[in-house]
Each structure stands twice: as structure tokens, then as C-alpha cells.
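# Coordinate analysis (summary)
Next come the chains, spelled out residue by residue.
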Amino acid sequence: MPPAVDGLGDYALNLARQLRQDCEIETHFVVGDPAWTGATEIEGFTISQGSKRSANALVSILPSVISTVLVHYVGYGYAQRGCPLWLVNGLHRWQTASANHYLVTMFHEVYASGSPWTSAFWLSPWQRNLAARLARLSDKALTTNQVIAQILDQLLLDKHTPTPTLPVFSNIGEPKQLLPLAERPRQLIVFGTPGIRRRVYQESLTSLNQLCDELTIERIYDVGLPIGLDISHVNGVPVVATGKIGAAAVSTLLSNAVAGFLGYPTHLLAKSGIFAAYCAHRVIPVVATTSTIFKIDGLEAEKHYWLAGSSAGKLSLATGQAIADHAHCWYQTHNLSIQAQSFATYLSQKVITERVQ
């Protein structure tokens, strides 16, 4: 949660705002990180914090009047190695303490994978087991994309209803009035976490150079916390490093840009808040990837995003406008307001007053 810089915390807070505004649903946040430093209230939302990461601490901090919990699940967000046994045990104790307790889990991730020399490789079975336990414990399990939905469905062979998917919304706003690309400055945005942006400059510089030529880019804005690289120009185009700035400032930059560059697996774009922000601001999403190209979650290459270094030829502004329009239309099917209504439906068996974060 703020003041920490965290996409998932922003997601939860934006959703809480919309649930309050559109559905009269109030949220009480629970922060599982004992090292978090923040206020006990944000925008009228009460925030409670566990004294430590343990099942006992979690159960004790959930007020007795709470009947519905919404968990935003990313294993590594709750445990250094991605195995939050304390969280699953605590939720099990809370959920089984009363027949009136109702648990909904949004799986932003399920488990990690990696090379044999990484901890993610060796811990993946434990992470998978914990996710399966939590999914079975949940009265309703949701996720952000079809890949994770398929994984959850395989883990829950005893459940016959496919896991619903809700692609993530933009954490930095959804402007209503947006200029056509031809009327915007020739500016490009590289946005995201330091690691994601660093890979753009280290692994996709040739594609970025090509894109700057094809769209006659005059300025690149590098948006986010410092990446530790000294990059002042790309192919002669000046790079302006903004550092950490607020959501409104990021939205203004995107509203005055023609394209946004992102290095990300194409089959997971529906879970990317960066991609969602590009779609919401009607810029051309340009994706550099080494993954297999999928048509998934309603997204298709060269229709909803442009592949960096694409064999389809050069990217013109006219082609880019069509892509930006398609991406924007795709986003409108699951924008923040629509998602708030969806969450309200999934939570409708109880009135939500508590969220585990």
C-alpha cells in the first residue's frame, strides 16, 4: 500500500475506490508486511497491519465482524521465496471458523518457474501446492488471464466451473478525451518497474532504434524509479528520465505520446498494468518479446499491439492509429468501472468490509 511503490497495491486501492463509488462497498485493508510504513487510513479506508507474518497474527487482526475477505494473491508478495504458508494457514483458520465466512481470491500469479540453479525452480512444487490449497479454500477464485486460468483449472479438477478472467485495468487513469495520434507530439513512453525498463534498453535497443525512425520520435520519456543505466539518447533521440512521479503526471505524459514500449511475454499481456495503461491512453502498444506469439485473452499481434522488430514491415502512424484504436476498444470491455461491477457480483453473497493485501 502507499507510500510503497507497488502495482498490486495500486490495483487494490483503485478497485476499492470504484467499489465505494459505484457499488457502495467499503473496504478495510489488511497489510501482511510487518515492515510496511504507512498511515492507518488512506482516503477514508482503514488499514490494519499484522505484527508479523504468521497465521495467528492474521487471524487476530481480522475483526470478528468481518464476513468477506478478498485476497490479492502473488506468492512473492507475502513471502520472500514465494511460499506464504502462514497466509494460507491463517485464511484456512478464518474461513472454517464460521459458516458465514466468505473468501474470494484474485490470483495475479500462481507459481514461479526458472532455471535449475534458481530457487524458483526448486520451490515451484511448494508454490503450486499452496496456490491449489488456497484455490480450493476459496469460495470463488478469479484471475487476470487465460494462462493462469488454465493452470488453476488443472489444479482444481474437482471443480467444474472454469475460472473467470478479468484482465487488469490501468492504475494511472482512463482519460475520456484523447487526441488522435497525428495531433500528439512525437513522443514515446517507456514505463514500468526498473527491471522491466532496464531490459528494454539492454535487450531491445535495436528494436527501439527502429521504432524511433519509423514514427519519427522526437523524445523518449523513461517513467519510473531509476534503472541504474546512464542513457541520455537513443538513436539520437533524447531520453528524459522522470523518476518517480504520480499517476496523474504519468497519465498526462501518455496522453501526449504516440507509442508506449514494453518488454513482456505476449501470452501474459492481460496481466500487465503497463500494457493496460497504454491501451487506456490509446497509444500504440509496442511489445518486445521472446515468447511464442499467442492469440489469447482477445489480444492479437498487429491488431492490438505491434511486435517490436516485426516481420510485418514498417510501422506507420496510420497503422499505429488502427492498432491503438483496437487496443483501446479491447480495454473498454473490462475498464475499472466494469470490473468494479464484476467484483461486486462475485462478492454479492456478502458485503465486503475486509481485504487482505
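Predicted model, so just to flag it, every value in this text is computed and none were measured. (Residues numbered from 1 in each chain as written. Predicted model: local features only at pLDDT ≥ 70, side-chain atom pairs only at ≥ 80, totals over all residues. Heavy atoms only, no water.)

## A short note on the sheet that holds strand S12 (residues 284-288)
What the seven strands build is an open sheet, ordered S9-S10-S8-S7-S11-S12-S13; its pairing is mixed. Lying at the two open borders of the sheet, with one neighbouring strand each, are strand S9 (233-234) and strand S13 (306-307). (Pairing = 2+ DSSP bridges. Helix = DSSP H or I, 4+ residues; strand = E, 2+ residues; numbered from the N terminus.)

## Considering the nonpolar core
Counting residues in hydrophobic clusters, the biggest one holds 50 residues, and the most contacted among them are Phe191 and Phe343. Listed by contribution, the elements that provide at least two residues to this core are helix H1 (7-23), strand S5 (102-107), strand S7 (187-191), strand S8 (219-223), helix H9 (247-255), helix H10 (273-280), helix H11 (317-332) and helix H12 (336-346). Looking at this core element by element, the count peaks at seven residues for H10. Within the second largest apolar cluster, 29 residues are counted, among which are Trp86, Ala131, Leu134 and Leu137. (Core = buried A, V, L, I, M, F, W, Y, C linked by side-chain atoms within 4.5 Å. Buried < 20%, exposed > 50% of the residue type's maximum accessible area, 1.4 Å probe, protein only.)

## Section: the pairing of strand S3 (residues 45-49)
Strand direction decides the pairing type here: strand S1 (residues 29-31) and S3, joined by three bridges, are parallel. Residue Phe29 lies in a different strand from S3, and its bridge partner there is Ile47. As defined by bridge partners, strand S2 (residues 41-42) adjoins S3 across two bridges and the pair is classed as antiparallel. The residue bridging Glu41 from the neighbouring strand is Thr46, located in S3.

## As for the confidence of the model for the protein chain
Here the protein chain averages 90 in pLDDT, and 92% of its residues register 70 or above. Taken element by element, the predicted model of the protein chain shows its lowest mean pLDDT in strand S14 (residues 354-356) (44) and its highest in H11 (98). Across residues 351-357, confidence stays below pLDDT 50; counting only partners more than four residues off in sequence or on other chains, it has 49 contacts. (pLDDT = per-residue confidence, 0-100. Contact = heavy atoms within 4.5 Å.)

## Some details on the packing of H1 against H12
Across the interface, H1 lies against H12 with an axial gap of 9 Å and an inter-helix angle of 80°. It follows that H1 is roughly perpendicular to H12 by the angle criterion. Listed contacts from H12 to Tyr11, Asn14, Leu15, Gln18, Leu19, Asp22 and Cys23 of H1 are Leu336, Ser337, Gln339, Ala340, Gln341, Phe343 and Ala344. Here the contact of H1 with H12 is built from residues that sort into eight nonpolar, five polar and one charged. (Axes fitted to C-alpha atoms, helices over the stretch in contact; angles between N-to-C directions. Parallel < 35°, antiparallel > 145°, perpendicular 65-115°, else oblique. Nonpolar A, V, L, I, M, F, W, Y, C, P; charged D, E, K, R; others polar.)

## Some remarks on the pairing of strand S4 (residues 68-73)
A large share of S4 lies buried, amounting to six of its six residues. With burial as the criterion, each face of S4 is covered, one bearing Thr68, Leu70 and His72 and the other bearing Val69, Val71 and Tyr73. As paired strands, S4 and S5 are joined by six bridges and run parallel to one another. Following the sheet pairing, Val71 is matched in S5 by Thr105.

## Observations concerning empty space enclosed by the protein
If you walk through the whole model with that rule in mind, you get two cavities of 30 Å³ or more. Each pocket or cavity is described by its volume, and for the largest cavity that value is around 50 Å³. Forming the walls of the largest cavity are Val30, Val31, Gly32, Gly50, Lys52, Ala57, Leu58, Ile61 and Trp86. Of all elements in the fold, only S1 and helix H2 (55-61) reach the threshold of two or more residues within the lining of the largest cavity. At three residues, H2 tops the list of elements feeding residues into the lining of the largest cavity. Taken as a whole, the second largest cavity encloses approximately 40 Å³ of empty space. Lining the second largest cavity are Ser207, Gln210, Leu211, Glu214, Trp306, Ala308 and Gly309. In terms of residue count, helix H8 (residues 205-214) provides more of the lining of the second largest cavity than any other element does, four residues in total. (1 Å grid on protein atoms, 1.4 Å probe; cavity = no way out; pocket = protein on both sides within 12 Å on 5 of 7 lines; lining within 4 Å. Points joined across faces, edges and corners; volume = space filled by probe spheres on them.)

## Structural notes on the packing of aromatic side chains
Following the criterion strictly, the structure yields seven aromatic pairs and no others. Between Phe275 and Tyr305, the ring centres sit 6.3 Å apart and the planes meet at 80°, which makes this aromatic pair edge-to-face. Taken together, the positions of Phe275 in helix H10 and Tyr305 in the loop between S12 and S13 put the pair 30 residues apart, joining distant regions of the chain. The pair formed by Phe275 and Tyr305 is uniform in burial state, with each residue classed as buried. Among the aromatic residues, those joined into a ring-pair cluster are Tyr73, Tyr78, Trp86 and Phe107. Looking at Arg20, its charged tip hangs above the ring of Phe45, at a distance of 3.8 Å from the centre. (Phe/Tyr/Trp six-rings, centres within 6.5 Å; stacked < 30°, edge-to-face > 60°. Lys NZ or Arg CZ within 6 Å of the ring centre and 35° of its normal.)

## Brief notes about the environment of Gln177
Positionally, Gln177 belongs in the loop between helix H6 (146-155) and S7. A residue is classified by how much of its surface remains accessible, and Gln177, at 73% relative accessible area, is exposed. Along the chain, Gln177 and Ser255 lie 78 residues apart, while their C-alpha atoms are 9.1 Å from each other.

## Considerations on the state of the cysteines
The tally for this structure, following the rule as stated, stands at zero disulfides. Considering cysteine sulfurs only, Cys329 is the nearest to Cys279, which forms no disulfide, with 11 Å between them. Since its relative accessible area comes to 0%, Cys279 is described here as buried. Its relative accessible area of 48% is what places Cys329 among the partly exposed residues. (Disulfide = S-S within 2.5 Å.)

## A closer look at the pattern of salt bridges
In the structure shown here, the tally under the stated rule is six salt bridges. Its salt-bridge partner being Arg20, residue Glu26 comes within 3.0 Å of it at the nearest N-O pair. Look at Glu26 and you get partly exposed, because its relative accessible area is 38%. Note that Glu300 is salt-bridged to Lys295, the shortest N-O span being 3.7 Å. Taking relative accessible area as the criterion, Glu300 reaches 29% and is therefore assigned partly exposed. (Salt bridge = Lys/Arg side-chain N within 4 Å of Asp/Glu carboxyl O.)

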